[in-house]
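Secondary and tertiary structure notes
So you can see what is in the structure, the chains are spelled out below.
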Amino acid sequence: MRRKPRALMDLVVCVKQVPDPGCARVDPKTGTVVREGVKAVVNPLDLHALEAAVSMREASGGTVTAISMGPPGAAEALREALARGADNAILISGKEFAGADTLATAYALSLGIRKTGSYELVICGRNSTDGDTGQVGPEIAEFLGTPHCTEVRKIREVGTDSVVVERAMDGWVEVVEMPLPGLLTVVREINRPRLPSLRGLMKAKTAEIQRLGAGDLNADAARLGAPGSPTRVAESFQVALGELGRSPARGPGGGSSSEGSGAGEAAPEGPDCLLIEGSAREQARKLLRLLRESGVPAP
Amino acid sequence: MHYFLSERESMVKDLSARLAGEVLAPLAQSLDEDEEFSWEAIRALARSDLFRVWVPEEYGGLGGGVFEQCLVVEELSRVESGVAVSYAASGLGALPILLAGSEEQKTRYLPCVAAGEKLAAFALTEPEAGSDASAIRARAMREDDSYVLSGTKQYITNGGVADIYTVIMLTDPSKGTRGASAFVVEKGTEGFSFGKKEKKMGIRASATCSLIFDNCRVPRTNLLGREGLGFPIAMKTLDRSRPGIGAQAVGVAQGALDFAVKYAREREQFRQPISSFQAIAHMLADMATQIEAARALVYAAARMIDAGIHDFSKESAMAKLFASEMAMKVTTDAVQILGGAGYMRDYPVEKMMRDAKITQIYEGTNQIQREVISRELVKKGGRAAGVTT
């Protein structure tokens, strides 16, 4: 694909308001993340996504639209995005959307993104700190019918028809060319989010946030909110480290939701580390055998 | 204490505090150890629009005046005085252009200073002219449509890193206090070079060096105002910038106090936190009270200036004098409270003490400030002095 420098990019950034990760706790009775009394912030990785988008707009012109699905209070997260350089903000909100899992969320967001008209790139944070699934970005791409690329740590080139990005793998880097329009999810490494600017803060205070309800999106109500959610968090609890017989050097970050998303932690070095070779199928077989031999309950 | 900041003023203060915490705090120790000027910090300040704060809107600024500038400087100084000084000094360097420049000059220079794209610096001091500013020797000789500058300026903050320099040069030695003029000289002009970077006790992240003018030719359009206005422009500039030094002093003292309180709560001796000992607790009480008094004075002086009150030399000098004397005492006490640890460079307070010292010296030594204040008192006579409605 020919890669001429791109001019005028319309970018969309998905933003989620989450409880401050520093204060995150799980209610042991309900098994859900406690939100009352905890300061709500923009999901940290979404700030990296926003920074990537704003930098691209500065280089090539165009617009950055921040979009979020959430309760009315999520408008604050969108104002934060405006203060940090977003041009427009859209809030998808209404009781129909409540209780959504990642699928229902991605469905709603994809409808909102479609409504913005044409866009070249959608950028999301790799995962949120509360749900921590990393699913919404790829699901949005599927609903939009566009390609996607996850765990982007660097955007190398932006062309008229494609982008070239680096993906952060476990100890190595993958370089991928993705056609546009498309979707990226980014990791922390990609940039250092700028702080808001004074003019941004002033603008954000009075800016109009476009609100979209289920009707505005022509959504299929059965696919929204709790009714539209095939999955449900059954239980959240904190895992005591060392249950599997060896404590890792670092455990998962404080107190939130589902056990072990496990992605992104580097394998410890040394004689205790065994690298399993072979095709994916062969590796899976070998791993299963090793787990059973070691006495660990395995599926 | 509540100072009834407007929403906008609170926004400026909070953003400055965030920037200081997120950008400056991680850099503070290394910038001091390496005596390094941080363009990263400058870029962050520029991106957040903080250089725009005091510049009028018509030149790309936000029209916040001296008070908002003081809020920024105070919050930055709480964390890293060297960067705070570099930031403030850029304002100082551009101020003569705002006060005395033509519309064309203001439009030429102020927008890029407001955007943080270029830094400014103010140059009055010379090897033979510190407190005795009238003893400057650097000359500007008129030749047709230009001036040729020769001489040396010393100890110039932002020297070498700034692009825009406002310099006070003698145009007519026979005219005494009416014998100097203010010029704008840009970095890169032929005949304008820099001396070596000074090695300082404190504010080591700020760049300080000499300016060397060797037959440096500048167009007549770089003269600010008229010939002979150099000293009045300089004095007017310094009067307005003194509260900013007061704000630096308040900020660094507050940073030192905050650390000392935290330390005193955690450090145990004789099986209790040292904050429970009256000797320490009373020191902390005095430190906090003095800081608040200085803050109130600085804010009051700044608000006076922004309100357009004509006569504020005395108040602005008082703010600078009181706050800087306070800061030296408070930072020294903070070191004392930390004891042996306070003396170690691994802890931030000894740096704050080194940073505080300069506030007693530059932009008019505290001895000069006392001259300014006493002259105003004596000039106005007993009853008028101190009566302000």
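Rules behind the numbers
- Residues numbered from 1 in each chain as written.
- Chains lettered and ligands numbered in written order.
- Predicted model: local features only at pLDDT ≥ 70, side-chain atom pairs only at ≥ 80, totals over all residues.
- Heavy atoms only, no water.
- Contact = heavy atoms within 4.5 Å.
- Buried area = accessible area lost by both parts, 1.4 Å probe.
- Salt bridge = Lys/Arg side-chain N within 4 Å of Asp/Glu carboxyl O.
- pLDDT = per-residue confidence, 0-100.
- Pairing = 2+ DSSP bridges.
- Helix = DSSP H or I, 4+ residues; strand = E, 2+ residues; numbered from the N terminus.
- Axes fitted to C-alpha atoms, helices over the stretch in contact; angles between N-to-C directions.
- Expected span 1.5 Å × (residues − 1).
- Bend = angle between axes of the 7 residues up to and from the residue.
- Buried < 20%, exposed > 50% of the residue type's maximum accessible area, 1.4 Å probe, protein only.
- Patch = residues over 30% accessible without salt bridge, like charges linked within 9 Å, V, L, I, M, F, W, Y side chains within 5 Å.
- Areas by Shrake-Rupley, 256 points an atom, 1.4 Å probe, with all protein chains shown as cover.
- Polar contact = N/O pair within 3.5 Å; in protein donor to acceptor, adjacent residues only side chain to side chain.
- Phe/Tyr/Trp six-rings, centres within 6.5 Å; stacked < 30°, edge-to-face > 60°.
- Lys NZ or Arg CZ within 6 Å of the ring centre and 35° of its normal.
- Parallel < 35°, antiparallel > 145°, perpendicular 65-115°, else oblique.
- Left-handed = near helix turned anticlockwise from the far one by under 90°.
- Nonpolar A, V, L, I, M, F, W, Y, C, P; charged D, E, K, R; others polar.
- Core = buried A, V, L, I, M, F, W, Y, C linked by side-chain atoms within 4.5 Å.

1. A short note on the interface of chain B and chain A
Quite often, the size of an interface is put as the accessible area lost when its parts meet. Residue-level contacts link 17 residues of chain B with 15 residues of chain A. Of the roughly 1400 Å² buried where chain B meets chain A, counting both sides, 59% is carbon and sulfur surface. Interface area lost by chain B to chain A is led by Met11(B), Arg18(B) and Arg47(B), which between them contribute 38%. Run the count over chain B and chain A and you get five salt bridges.

2. Quick look at the confidence of the model for chain B
Mean pLDDT over chain B: 96, with 98% of residues reaching 70 or higher. Reported confidence for the predicted complex is 0.90 by ipTM and 0.85 by pTM.

3. Some points on the sheet that holds strand 1 (residues 9-14) of chain A
Whether parallel or antiparallel, the strands of a sheet pair through hydrogen bonds between backbone atoms. Residues and elements named next belong to chain A. One open sheet accounts for nine strands, arranged 9-8-7-10-6-1-4-5-11; its pairing is mixed. If you trace the sheet from one side to the other, it starts and ends with strand 9 (173-179) and strand 11 (210-212), each paired once. The mean angle between the axes of side-by-side strands here comes to 35°, regardless of whether they run parallel or antiparallel. Pairing of strand 1 with strand 4 (residues 62-69) involves six bridges; the strand directions are parallel. Looking at the pairing, Val-12 lines up with Thr-65 of strand 4. The sheet strands contacting helix 1 (residues 44-60) are strand 1, strand 4, strand 6 (121-125), strand 7 (148-158) and strand 10 (182-186), and the helix crosses strand 1 at an angle near 170°.

4. Notes on helix 6 (residues 230-266) of chain B
All names here are of chain B. Helix length check: helix 6, at 37 residues, gives a terminal C-alpha distance of 54 Å against a target of 54 Å (1.5 Å per residue), a fit within 8%. Its maximal kink placed at Ser-241, helix 6 deviates by approximately 35°, while the proline Pro-243 follows within four residues. Most of helix 6 is tucked away: 27 of the 37 residues are buried.

5. Quick look at a nonpolar patch on the surface
On the surface, Tyr343(B), Met344(B) and Tyr347(B) cluster together to form a nonpolar patch covering roughly 360 Å² of accessible area. For Tyr343(B), the location among the structural elements is in helix 9 (residues 340-343).

6. With respect to the pairing of strand 1 (residues 120-123) of chain B
The two faces of a sheet get side chains in turn, since along a regular strand they alternate between them. All names here are of chain B. Burial along strand 1 is two-sided: the face carrying Ala-120 and Phe-122 and the face carrying Ala-121 and Ala-123 are both buried. Pairing between strand 1 and strand 4 (residues 164-170): four bridges, direction parallel. Its bridge partner lying in strand 4, Ala-120 is registered against Ile-164.

7. Overview of unusual backbone geometry
All names here are of chain A. For the bond from Leu-180 to Pro-181, the omega torsion is 0°, close enough to zero to count as cis. Mapped onto the fold, Pro-181 is located in the loop between strand 9 and strand 10. Of note in this structure, Glu-151 is not a glycine but carries a positive phi near 55°. By secondary structure assignment, the location of Glu-151 is in strand 7. In this structure, Asn-218 takes a positive phi of about 50° despite not being glycine.

8. Looking at the environment of Ser276(B)
All names here are of chain B. Following the sequence through the fold, Ser-276 ends up in the loop between strand 10 (272-273) and helix 7 (278-306). Judged by relative accessible area, which is 41%, Ser-276 ranks as partly exposed. From its side chain, Ser-276 meets the backbone oxygen of Pro-273 in a polar contact 2.7 Å long.

9. Observations concerning the packing of aromatic side chains
Following the criterion strictly, the structure yields twelve aromatic pairs over all chains and no others. Judged by centre distance (4.9 Å) and plane angle (70°), the ring pair of Phe37(B) and Trp39(B) falls under edge-to-face. Classification of Trp39(B) as partly exposed rests on a relative accessible area of 41%. Note that Arg223(A) overlies the ring of Tyr107(A), its terminal NZ or CZ placed 4.2 Å from the centroid. A cation sits over an aromatic face here: Arg303(B) above Phe67(B), 3.8 Å from the ring centre.

10. What to know about the confidence of the model for chain A
Overall, the prediction assigns chain A a mean pLDDT of 86, with 85% of residues at 70 or greater. pLDDT under 50 marks residues 247-265 of chain A. Its contacts with residues more than four places away, or in other chains, come to 25 contacts.

11. Topic: the packing of helix 8 (residues 313-338) of chain B against helix 10 (residues 349-357) of chain B
Residue and element names in this part refer to chain B. Axis separation between helix 8 and helix 10 bottoms out at 8 Å; the angle between their running directions is 165°. Classified by the angle between their axes, helix 8 and helix 10 sit roughly antiparallel to one another. You can see that helix 8 and helix 10 cross each other, and the crossing is left-handed. Packed against helix 8, whose contacting residues are Ala-327, Met-328, Thr-331, Thr-332, Ala-334, Val-335 and Leu-338, the element helix 10 presents Val-349, Glu-350, Met-352, Met-353, Ala-356 and Lys-357 at the interface. Its residues placed into classes, the contact of helix 8 with helix 10 shows nine nonpolar, two polar and two charged.

12. Examining the environment of Glu35(B)
All names here are of chain B. Topologically, Glu-35 is positioned in the loop between helix 1 (7-34) and helix 2 (39-47). The spatial distance from the C-alpha of Glu-35 to the C-alpha of Glu-104 is 37 Å, given a sequence separation of 69 residues. Those residues in contact with Glu-35 that sit more than four places away from it in its chain are Ser-30, Lys-197, Glu-198, Lys-199, Lys-200 and Arg-204.

13. Examining the pattern of salt bridges
Side chains that carry opposite charge are capable of pairing whenever their charged atoms lie near each other. Residues and elements named next belong to chain B. Applying the stated criterion across every chain yields a total of 47 salt bridges over all chains. Residue Asp-333 pairs with Lys-329 through a salt bridge whose shortest N-O separation is 2.8 Å. Of this pair, Asp-333 and Lys-329 both sit in helix 8, four residues apart, which is roughly one turn of the helix. The class of Asp-333 is buried, set by a relative accessible area of 15%.

14. Observations concerning the side chain of Ser210(B)
Structurally, the position occupied by Ser210(B) is in strand 7 (residues 208-219). Apart from the residues lying within four places of it in its own chain, the contact partners of Ser210(B) are Thr152(B), Lys153(B), Gln154(B), Ser193(B), Phe194(B), Gly195(B), Lys196(B) and Glu198(B).

15. Focus on the nonpolar core
Note that soluble globular proteins tend to have their nonpolar side chains buried in a common cluster. Within the largest apolar cluster, 93 residues are counted, with the highest numbers of intra-cluster contacts made by Leu19(B), Leu45(B), Leu76(B), Tyr87(B), Leu149(B), Val167(B) and Phe213(B). With near-sequence residues (within four places) excluded, Phe213(B) lies in contact with Leu149(B), Ser150(B), Gly151(B), Lys153(B), Val167(B), Met169(B), Val185(B), Gly191(B) and Phe192(B). Counting 38 residues, the second largest nonpolar core, distinct from the first, contains Ala77(A), Val152(A), Leu184(A) and Ile190(A).

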